[in-house]
Amino acid sequence: MIKLALLGSGIEYTKSPTVHRAIGGAIGREISFDVLDVPVERLDQTVRDALESYDGLFVTKPYKNDIKRFLGDIKTACGVNFVRCADKTGYNTDGVGFIRALDKAFCDWRSRVDGALVLGAGGAAASVAEALGKDGKKVYILDRTAMNAARLTSSVGAALYTNQPAELIVNATSAGRHGEDILHALCVGTEFEFAFDLIYDPPETPFLRRLSGAGAKTSGGLDMLVYQAIAGDKILIGEFDDDAAYAAAATALKG
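Residues numbered from 1 in each chain as written. Predicted model: local features only at pLDDT ≥ 70, side-chain atom pairs only at ≥ 80, totals over all residues. Heavy atoms only, no water.

Draft legend 1. Molecular detail of the environment of G10. Within the secondary structure, G10 is located in the loop between β1 (2-8) and α1 (16-27). The exposure class assigned to G10 is partly exposed, which follows from its relative accessible area of 32%. In contact with G10, other than residues within four places in its own chain, are D37 and K61. (Helix = DSSP H or I, 4+ residues; strand = E, 2+ residues; numbered from the N terminus. Buried < 20%, exposed > 50% of the residue type's maximum accessible area, 1.4 Å probe, protein only. Contact = heavy atoms within 4.5 Å.)

Here you go:
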């Protein structure tokens, strides 16, 4: 039995248990998966207990940076979204999951995208910006808090967004889960060829609806959820058949 958990706050919507159990079924390994939805005042004790109780700990908002102080080794400059508990080593699989999801959603994005606008300045935005930069794209950051945006640009080698040309726009904020319009909030237009929202529930946010209506190719974050999960499980388990794992997770999510 492989024991996994997800640590976060306000994450009652998560589909991670479904994804990981399906991956386990596809690769012939039994995986249990708990959701640790805890407020900040319970974070320290929860993390200490989790590091002793689980084989792997996935981490989501808002604790991707907070988790670092509990770890002995960190393999990423971005926020940590996966911890191998045995040796308290932190990793980030969000960037890998994001790029694989882009490849699946938009087969021609690599040749058509020169500039990318990332909305947000948190841990998810950092992972996305870093991944796009490593792929050779010009990356621009826009956030409601200018200081946070400036801090992120300096850490990932991006630039502040001042209406530079960009073919891809990515919503790496939580705005849209409850109907918020992040484009309106940040005064951003809809002149983009590709739009990706890290939110996967609901499957169509106001962000995607507006951009789709303006002619952009769009995708929600469900494939990213699956691919970052596969990458995290591989750190713990070792290599296995990606395609089989993805197919099983996708089928389970549809059910």
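Now that the structure is up, let's keep going.
Draft legend 2. Local environment of the sheet that holds strand β11 (residues 194-197). Spatially, β9-β8-β7-β10-β11-β12 is the arrangement adopted by the 6 strands of the open sheet, whose pairing is parallel. The open sheet has two edge strands with one neighbour each: β9 (159-160) and β12 (217-219). With 2 bridges connecting them, strand β8 (residues 138-142) and β9 associate as parallel partners. The residue bridging Y140 from the neighbouring strand is A159, located in β9. Against the sheet, helix α5 (residues 123-134) contacts β7 (115-119), β8 and β10 (168-171), and its axis sits at roughly 170° relative to β7. (Pairing = 2+ DSSP bridges. Axes fitted to C-alpha atoms, helices over the stretch in contact; angles between N-to-C directions.)

Draft legend 3. Structural context of the environment of A244. As for its placement among the helices and strands, A244 is situated in helix α10 (residues 242-254). Its relative accessible area of 29% is what places A244 among the partly exposed residues.

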